[in-house]
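# Coordinates in review
So you can see what is in the structure, the chains are spelled out below.
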Amino acid sequence: MTQMPPRFEITEAEIDRVVARFYTRVRAHHLLGPIFAGHVTDWPEHEAKIARFWKGAILFQPGFDGSPMMAHRRAGDVAPGHFPIWLGLFDETLRQSLDPLAAAAWSALAHRIGHGLRQGVEDIGRPANVVPNLR
């Protein structure tokens, strides 16, 4: 079986650079920084794991082991309102780090994934008889 082509043109080094720059910004953010600090004890390992996630999602490389949905749901202090902030920081990082086409393509993918994660977080504790918010 042949390997699938990447979703868009980007290198592994560019993915690593974006992830490192993004988490530098997250650690400094007044709202997101403390949330992440409460869960991440080894930043280099966390960044490497997230880079593996994006390399899998974009370049179709194997190597990521985990469930982003379960990690966000289990955290206990991740709220739906955090996702627009997270995506805003991520979009800024992408625009500052990549050419416009790669930044736009990665942003679109991140927004799709973020939308699903936000919905998963919203569903925690929702009574069974309440219709979920699908927007």
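Above this text is the structure in question.
Going along each chain's sequence as written, the residues are numbered from 1 onward. At least 70 in pLDDT is required for a residue's local features to be given in this predicted model, at least 80 for side-chain atom pairs to be given and counted, and no such filter applies to totals for whole chains, interfaces and linings, which use all residues. The basis for every side-chain value is the complete set of non-hydrogen atoms in the structure, without hydrogens or water.

### Topic: the environment of Gly33
Topologically, Gly33 is positioned in helix 2 (residues 32-37). For Gly33 and Tyr23, which are 10 residues apart along the polypeptide, the C-alpha to C-alpha distance reads 9.0 Å. Those residues in contact with Gly33 that sit more than four places away from it in its chain are Val26 and Arg27. Runs of H or I in DSSP of at least four residues are treated as helices and runs of E of at least two as strands, each being numbered from the N terminus. The criterion used for residue contact is that any of the two residues' heavy atoms lie within 4.5 Å.

### Some points on unusual backbone geometry
For Phe60, which is not glycine, the phi dihedral falls at a positive 60 degrees. Structurally, Phe60 can be placed in the loop between helix 3 (43-59) and helix 4 (68-75). We classify Phe60 as partly exposed; its relative accessible area is 25%. Exposed residues in this analysis have more than 50% of their type's maximum accessible area, buried residues have under 20%, and partly exposed residues fall in between, with area computed by a 1.4 Å probe over protein chains only.

### Observations concerning helix 3
Between the first and last C-alpha of helix 3 there are 23 Å, a value that for 17 residues agrees with the 24 Å anticipated at 1.5 Å per step. Listing the buried residues of helix 3 in full gives Trp43, His46, Glu47, Ile50, Ala51, Phe53, Trp54, Lys55, Ala57, Ile58 and Leu59. Where helix 3 is buried, its residues touch helix 1 (12-28), helix 2, helix 4, helix 5 (82-97) and helix 6 (100-123). Here helix 3 starts with a cap whose side-chain oxygen sits 3.1 Å from the backbone nitrogen of Glu45, and that cap is Asp42. In the segment just after helix 3, Phe60 is the residue with positive phi, at about 60 degrees. Here the expected length of a helix is defined as 1.5 Å per residue gap, with one fewer gap than residues. Counting of polar contacts relies on pairs of N or O atoms within 3.5 Å, with two restrictions inside protein: one atom must be capable of donating a hydrogen and the other of accepting it, and residues adjacent in sequence are counted only when both atoms are side-chain atoms.

### A closer look at the nonpolar core
The nonpolar core is taken to be a set of buried Ala, Val, Leu, Ile, Met, Phe, Trp, Tyr and Cys residues, with the residues joined through side-chain atoms within 4.5 Å. In this structure, Ile15, Trp54, Ile58, Trp86, Phe90 and Trp106 are the most contacted members of the largest nonpolar core, which totals 30 residues. For this core, the elements supplying multiple residues, two or more each, are helix 1, helix 2, helix 3, helix 5 and helix 6. Examining the composition of this core, we find that eight residues originate from one element, helix 3, more than from any other. Dropping the residues within four chain positions of it, Phe90 is found in contact with Val18, Phe22, Trp54, Trp106 and Ala110. Ile35, Val78, Phe83 and Val121 belong to the second-largest nonpolar core, a separate cluster that totals five residues.

### Notes on the packing of aromatic side chains
Only rings of Phe, Tyr and Trp enter the pairing, Trp through its six-membered ring, and a pair is recorded when the two centres are within 6.5 Å. The plane angle decides the type: under 30 degrees is stacked, over 60 is edge-to-face, the rest tilted. One pass over the full model with this rule turns up 12 aromatic pairs. Centre to centre, the rings of Trp54 and Trp106 are 5.4 Å apart; their planes meet at 70 degrees, and the pair counts as edge-to-face. Note that Trp54 is positioned in helix 3 and Trp106 in helix 6, a separation of 52 residues in sequence. Residues Trp54 and Trp106 agree in their burial class; the two are buried. An angle of 15 degrees between the planes, with centres 5.2 Å apart, marks the rings of Trp86 and Phe90 as stacked.

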